[in-house]
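Report on the structure
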Amino acid sequence: MKHVVVDPVTRIEGHLRVEMQVDEASGKVTDSISSGTAWRGLELILHDRDPRDAWAYIQRICGVCTTAHALACVRAVEDALGIKIPKNGNYIRNIMAASLTVQDHIVHFYHLHALDWVSPVAALSANPEATANLQNAVLKTYKLPFSGPAGTVTEAFRKEVPRATPSYFKGIQDKVKAIVESGQLGIFSAQWWDHPDYNLLPPEVHLMAVAHYVEMLDKQRELVTPHVVFGGKNPHPHYVVGGMPCSISMDDGNSPINTARLDIVDRAVNLARTLVNEYYLPDLLAIGHIYVQKGMTDGGGLAKERVMAFGQFPLETTSTTQDGTFFKNLLIRSNGVVENFGQGVMKAKFTEITGDDLKNPEVFGEAVTHAWYEYEGKDGDAQPRHPWEGQTKAKYTGPKVGTPTDWKELNEKGKYSWLKTPLWHMKMCEVGPLAHYIIIYTKAKQGLLPDMTWAEKMMVDQIEAVSKVLGLAPEVWLPTMVGRTAARALDCQLNAEVEKFFFDKLIENIKSGDTQVASMDKWDPSTWPKRAVGVGLYEAPRGGLSHWITIENGKISNYQCVVPTTWNACPRDDKAGHGAYELAMMDTKVKIADKPLEIVKVIRSFDPCMACATHLFNEKGEKINVVTTDPYGGMHVDA
Amino acid sequence: MEKRETMLESYLRRGLSRRTFIKGCVALTTMMGLSTDMVSKVVEAAEKKPLPVVIWLHGHECTGCDESFIRSGAPLASDLVLTNIALEYDHLLSAGSGEPFEHHLEETVKKYWGQYILAVEGAVSTTDNGTFCMSGGKPFVETLQRVAKGAAAIIAYGTCATDGGIQGAKPNPTGSAGIKHYTGTKPIINVPGCPPIPEVMTGVVMHVALFGKIPPLDSEGRPKQFYGNRIHDTCYRRPFFDAGMFADSYDDEGAKKGWCLYKLGCRGPETYNSCGNLRWYQGMSYPIQSGAACIGCSNAHFWDEGPMFARLPEYGPLGDIDKIGAGLAVATAAGVAVHAAASVVQKQQRDKDKENGKEQVGNK
Amino acid sequence: MVKEERRIYYLFSPFLRIFHWIMAVSILVMFVSGLLITKPVYINALEPTYTLFLVDVTRSVHFLAAFVFCASLILRVYGYIINRGDRLFPRVLEGHFYSETVDVALHYMLLKKSHAPFLRNPLARMSYAGLYVMAAIEIVTGFAMYNMADPNTIGGFLFGWVNTVLGGEYMTHVVHHYCAWGIMLFVIGHIYMAIRADFMEGEGEISSMFNGTKLLEHEPKDACEVEPPKTK
């Protein structure tokens, strides 16, 4: 038995540490720890500030899923104040959200995840000619021909298609060779390049993937130009409570949005569809297929047992979310929990999440038995608490081995993370694109999705097409490490089409004469109630996100975020068991204990975003009113 | 693997002549403060010198600066990290992780001691011995101090690294601050912004790669070429300000016509950045062009200078200072009136006393 | 009425007097134009290059007034050098200054019927010192904002540090604006006290700002600071 530590886990957002016990003989991980190791306290900083500014502050939780927290924030404020944003504002926000998802997924796959699958060193032995042939074969075999409703076609032909010539691949190979021979490996330094997993793929796949790594490094920036046009910049574009700041006018040369500006967005939408369909999906399916063929269907963990999502893309806006109308107006109605999907789609159990559920103490609670917090009162840490009775009192206990400022091993029997443990009916859930897909697929197959939208239909078609390519049933390939990564690619294709869908809707609406982007009639605090509470929901690239706000006398008296990575990366609970990261690690075989490539690969298949997930407490460890970045921790509305 | 590409080889490989290389060495000599007769020695040394090594550390941050860095349009991110610099340690892009990666950091620091550029993203947290920001099992502040000692120069990327940023906003629960307090006397290039403009971030590195020295800095350590002007002074909407043509609220007539956002609290008049001239995405836009008021994200303490949608801070029920000032003026005037009335009474009393011969002045 | 014997004291040089009135006008101009710069009134402008009332005209007026103010300050300094009567700093190093301040304050609080005679009473001196501090703040912060349009100029070099010291140019704006209100409150008090003194003591408080002399009945406590008086 060997104790293995990986800290820092890189190619993620923020600071994450994992530890595991590996049985060297069988390669089995018998115990594992996932620990968020940094805390910044943004919600505390939001206390007493103006709710109209909050989006800017809370957006800085994360620069990778930039815009996600700003969007959830403005939705929460608008829910609290009963603001119904104009149609254009909703369409523009949806375009921005979808373009974020496309760009985020592509960056995740190529730049944060790919180097766990492919190696530039292995690419050196590839034959450029064979690589060109492989590229053509991949494009022939692994394209998924799905698209959204046919809108106006603005592109003559697909421009950014992969190059499949020997000289191109030779050029890339020479560059990699020069880097390796110079001894300055730069970004390729210090990886376990000699790990046997890199031998699973032929050298030509490595070379093709490295070429695409470099291509996408330069191309990804063009995918988020909608943020630059509508929000002025990226990362961290601008929003405004009540809609969007980018006024539309076809009569003024100096207006933020006119036809020329929309054409930039149109170009980005076309590019997104091309890059997903020509690069991302074929690459992923080609690699995934080889992995599945070689029997690599592990790393599923909690996904087989329980997944959760909140649903995505309001078709039209409503002025309230907390009464559940948000859920009734979605393009993708994935709000709910699916259990036991691993046993087969028909045996899986779907439970819907409603507006009332979110406020129900019996549905949601959180535990701190293994987080660096303590609960006071007669039950102590033993009893998980609903956020309304929630408390956040720090109790940093340091590691099991080492000193508080020099960790060797964290204490799996005690507290070991700044993340709390969110629970649904006292159970753990996994969130993310995989959850999203499992839920929609289960609902569709069990007949729970009447009048399917085009997007829901497309999701089901995507899953069935991939099942055909891989030759496996969805319940076999979906809840695995490969499936988690594949679901993200499918989500990317879907979001590119969603971008197009809402772009067409935006154009249609402007055509009808409506140019309003912001509703400012409730801007003045004198129009607000003395006290208001609100919730903003958004299915972020990493899963269901919600923000909760309490506004009193025109100021924020309580703010808290329910973040996807907290659901996935949380520490264990003595009754509910392990969280998604820990279970996925324990569902993964490690070939060489000293080089746990499989572990970092399965962790990265979640696309960790630690800055989003870490908890909040005050430095004296006293109870504070504005609490937690974790689910439900600060939902209590007493100030 | 042990063979290191020399600076000369690197120049030649990039199609640059030996002449250019010698020029670079002359610049390098000046930068190092050596006299010109040392050039030959520098050439000799540089022929054995590899690509500029960059170590990128992450403190309390959101990775938005990394993301901005790879959004650069020129140089493109691939050209930068594969050809112009050797990015040996970076939590976002580096392949390695865990113990081998930390070991690689130590090796790089040792191997290139006194030569590497340290780029830092994120603030330093020091409360509770820095245990709010742990990486590699150690507080970030310790790693920063250790690595900073061997750096040739330090780049502070983003307002978090320059001044503490969002986590340093009141009440600053983690005791976060800019890195300058923890890096001793090393030269620091401050590149503030939340995040900074992509081409500004890469431009600073390219300046070092191309000119062999750090760019000229202003009194606050910012590159003059990128932070030399206020956004207001370079804004394409400035003529509307001068003409008194303003948007009074979001999405009103003025906003649609693209008039000045001054009345919506735009921080352009106080903010030094390249948004007005370089703009984002190589001239595509910047917040003001997209109709959103600037929030002054390259200002040291902009998070505590709210509300962002108002020109001046607001207090209590009266609101901004002009209302409070007018209130105080009225109160003063009222006080004056009362005092005047009392003074008249006093004077009459005094005059009466005088007439009665009970003259008395002051203390006499 | 008792016939009063009064002596004429020559106090203020023409430099101080000229400066005073220039300062009065320029402060007023700067205050009004400053408020208009912070909160421009709505003007129904048609296009940016031709409008009747421009913000940049307001700004130019503000800057012009500022330069006139600073230039006349030089006259004031010259007066300070050549004429003892122009030296109005509070005598904080002399012990009796404090007891005299209390004496005047008690009178102003209407607790005493009158205060000891002064050419320039200690409370007024203190308020002038306050005004000069505020004026200095306005000048320094004003030039910091004005010159940083190009930080590479001498002006930027001379005043750029102000922004750093205050923690950012936003704070410079705020301080400049708040201080302007402080000066306005002084102005109200100053005008009232001058009129009141004329009314109460009849010493020629207001006319002294035109002809430089005050008429005093009794020997003032600070008589030694100026030339001997003439009898009327």
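Model, not experiment: these values are computed from the prediction.

The rules we used
- Residues numbered from 1 in each chain as written.
- Chains lettered and ligands numbered in written order.
- Predicted model: local features only at pLDDT ≥ 70, side-chain atom pairs only at ≥ 80, totals over all residues.
- Heavy atoms only, no water.
- Domains from an automatic or database assignment.
- Helix = DSSP H or I, 4+ residues; strand = E, 2+ residues; numbered from the N terminus.
- Buried < 20%, exposed > 50% of the residue type's maximum accessible area, 1.4 Å probe, protein only.
- Contact = heavy atoms within 4.5 Å.
- UniProt positions renumbered as here; feature names shortened; annotations may be inferred.
- Salt bridge = Lys/Arg side-chain N within 4 Å of Asp/Glu carboxyl O.
- Pairing = 2+ DSSP bridges.
- Axes fitted to C-alpha atoms, helices over the stretch in contact; angles between N-to-C directions.
- Core = buried A, V, L, I, M, F, W, Y, C linked by side-chain atoms within 4.5 Å.
- Buried area = accessible area lost by both parts, 1.4 Å probe.
- Polar contact = N/O pair within 3.5 Å; in protein donor to acceptor, adjacent residues only side chain to side chain.
- 1 Å grid on protein atoms, 1.4 Å probe; cavity = no way out; pocket = protein on both sides within 12 Å on 5 of 7 lines; lining within 4 Å.
- Points joined across faces, edges and corners; volume = space filled by probe spheres on them.
- Nonpolar A, V, L, I, M, F, W, Y, C, P; charged D, E, K, R; others polar.
- pLDDT = per-residue confidence, 0-100.
- Expected span 1.5 Å × (residues − 1).

Attention shifts here to the domain arrangement of chain B. Domain assignment breaks chain B into domain 1 (51-227), domain 2 (229-311) and domain 3 (325-364). Of note, the centres of domain 2 of chain B and domain 3 of chain B, computed from C-alpha atoms alone, are 52 Å apart.

All names here are of chain A. Tracing the backbone shows Arg484 in helix 15 (residues 481-511). What makes Arg484 buried here is its relative accessible area of 2%. Leaving out residues up to four positions away in the same chain, Arg484 has contacts with Gly299, Gly300, Ala303, Glu430, Leu434, Leu478, Ala584, Val602, Ser605 and Phe606.

Residues and elements named next belong to chain A. Mapped onto this numbering, the UniProt entry gives "binding site: Ni(2+)" (unreviewed entry) at Cys65 and Cys609. A maximum C-alpha distance of 8.3 Å is found for the annotated residues, which run over 545 residues; spatially they form one tight group. Structurally, Cys65 can be placed in the loop between helix 2 (54-59) and helix 3 (68-81). Position of Cys609 relative to the elements: it lies in the loop between helix 18 (597-604) and helix 19 (610-613). On the basis of relative accessibility, which here comes to 0%, the residue Cys609 falls in the buried class. Not counting the four nearest positions on each side in its chain, Cys609 is found in contact with Glu13, Cys62, Cys65, Arg542 and Thr565.

A word on the UniProt feature "domain: Cytochrome-c3 hydrogenase C-terminal" (unreviewed entry) in chain B. The feature "domain: Cytochrome-c3 hydrogenase C-terminal" (unreviewed entry), as annotated in UniProt, sits at residues 227-309 of chain B in this numbering. Taken end to end, residues 227-309 of chain B is 17% helix and 0% strand, and its two terminal C-alpha atoms sit 23 Å from one another.

What follows deals with the pattern of salt bridges. Residues and elements named next belong to chain A. According to the stated counting rule, one finds 60 salt bridges over all chains in the structure shown. Among the salt bridges present, the one from Arg484 reaches Glu430, with a minimum N-O distance of 2.8 Å. Pair noted here: Arg484 is in helix 15 and Glu430 is in the loop between strand 12 (421-424) and helix 12 (433-445), with a separation of 54 residues, a long-range link. The exposure class assigned to Glu430 is buried, which follows from its relative accessible area of 1%. Among the charged side chains, a salt-bridge network with shared partners connects Glu155, Glu160, Lys219, Glu222 and Arg267.

Turning next to the sheet that holds strand 8 (residues 349-352) of chain A. Residue and element names in this part refer to chain A. Here three strands make up an open sheet; going across it, the order is 4-7-8 and the pairing antiparallel. Unpaired on one side and paired on the other, strand 4 (306-309) and strand 8 mark the two borders of the sheet. Strand-to-strand twist of the sheet, defined as the mean angle between neighbouring strand axes without regard to direction, takes the value 15 degrees. By the bridge criterion, four bridges tie strand 7 (residues 336-339) to strand 8 in an arrangement that is antiparallel. Pairing of Val338 across the sheet is with Phe350, part of strand 8. On the sheet, helix 12 packs against strand 4, strand 7 and strand 8 and is oriented at approximately 95 degrees with respect to strand 4.

In terms of nonpolar packing, the biggest core is built from 247 residues, with A:Ile106, A:Phe230 and B:Tyr157 touching the most fellow members. Take this core: its biggest share by element is 17 residues, from helix 10 (residues 259-293) of chain A. Mapped onto the domain boundaries, this core takes at least three residues apiece from domain 1 (51-227) and domain 2 (229-311) of chain B. When neighbours within four sequence positions are excluded, B:Tyr157 is seen to be in contact with B:Trp56, B:Cys65, B:Phe69, B:Ala119, B:Val120, B:Glu121, B:Gly122, B:Val191, B:Met201, B:Val204 and B:Val205. Formed by 39 residues, the second largest nonpolar core is a distinct cluster that contains C:Met23, C:Leu88, C:Ile139 and C:Val226.

Looking now at the interface of chain B and chain A. The partner chain A presents 98 residues to the 97 residues of chain B that form the contact. Between chain B and chain A, the buried area comes to about 8100 Å², and carbon and sulfur atoms account for 59% of it. Linking chain B with chain A are four salt bridges, by the criterion used here. Between A:Arg221 and B:Glu199 there is a salt bridge, with its nearest N and O atoms 3.8 Å apart. The tally of links from chain B across to chain A stands at 49 residue pairs in polar contact (both at pLDDT 80 or more).

With that settled, the discussion passes to the interface of chain B and chain C. The partner chain C presents 56 residues to the 57 residues of chain B that form the contact. For the chain B face of the interface with chain C, the top three residues by lost area are B:His339, B:Gln346 and B:Arg350, together amounting to 12%. Where chain B meets chain C, there are three salt bridges. One salt bridge in this structure joins B:Arg230 and C:Glu169, with 2.4 Å as the shortest N-O distance. Joining chain B to chain C, the criterion identifies 22 residue pairs in polar contact (both at pLDDT 80 or more). Sorting the residues of the side of chain B that touches chain C by element identifies helix 12 (238-242) and helix 14 (321-355) of chain B as the ones contributing at least two each.

Residue and element names in this part refer to chain A. Applying the stated criterion across every chain, the model contains 16 cavities of 30 Å³ or more. Looking at the largest cavity, its volume works out to about 200 Å³. Surrounding the largest cavity, 18 residues form its lining, Arg75, Glu78, Thr317, Thr318 and Thr321 being those nearest its centre. Elements supplying a minimum of two residues to the lining of the largest cavity: helix 3, helix 4 (87-113) and strand 13 (531-540). Split by residue class, the lining of the largest cavity holds six nonpolar, eight polar and four charged.

All names here are of chain A. Within chain A, residue pLDDT values average 89, and 94% of them lie at 70 or more. Highest mean pLDDT in chain A belongs to helix 9 (residues 225-231) (97); lowest belongs to helix 19 (72). Per-residue pLDDT stays below 50 along residues 615-639; that stretch engages in 122 contacts with residues further than four places along the chain or on separate chains.

Residue and element names in this part refer to chain A. What you see with strand 7 is no split at all: Gly336 and Val338 on one side and Val337 and Glu339 on the other are buried throughout. Bridge count between strand 4 and strand 7: four bridges; the pairing is antiparallel. Bridge assignment links Met308 to a residue of strand 7, and that residue is Val337.

For an α-helix, 3.6 residues make a turn, and residues three or four places apart therefore share a direction. Here helix 2 (residues 55-82) of chain C contains 28 residues, and its C-alpha end-to-end distance of 41 Å stays within 8% of the 40 Å for a straight helix at 1.5 Å per residue. Residues of helix 2 of chain C that are buried: C:Val55, C:Thr58, C:His62, C:Ala65, C:Phe69, C:Cys70, C:Ser72, C:Arg76 and C:Gly79. For helix 2 of chain C, the elements touching its buried residues are helix 12 of chain B together with helix 1 (14-38), helix 4 (122-147) and helix 6 (169-201) of chain C.

Moving on to the sheet that holds strand 15 (residues 555-562) of chain A. Residue and element names in this part refer to chain A. On the basis of which strands lie adjacent, the open sheet formed by three strands has the order 13-14-15 and antiparallel pairing. Here the strands that pair on one side only, and so sit at the sheet edges, are strand 13 and strand 15. Sheet twist, expressed as the mean angle between neighbouring strand axes with direction ignored, is 15 degrees. Bridging between strand 13 and strand 14 (residues 543-552) involves 10 bridges; their strand directions are antiparallel. Paired with Val533 across the two strands is Thr550, which belongs to strand 14. Relative to the sheet, helix 3 contacts strand 13, strand 14 and strand 15, its axis offset from that of strand 13 by approximately 145 degrees.

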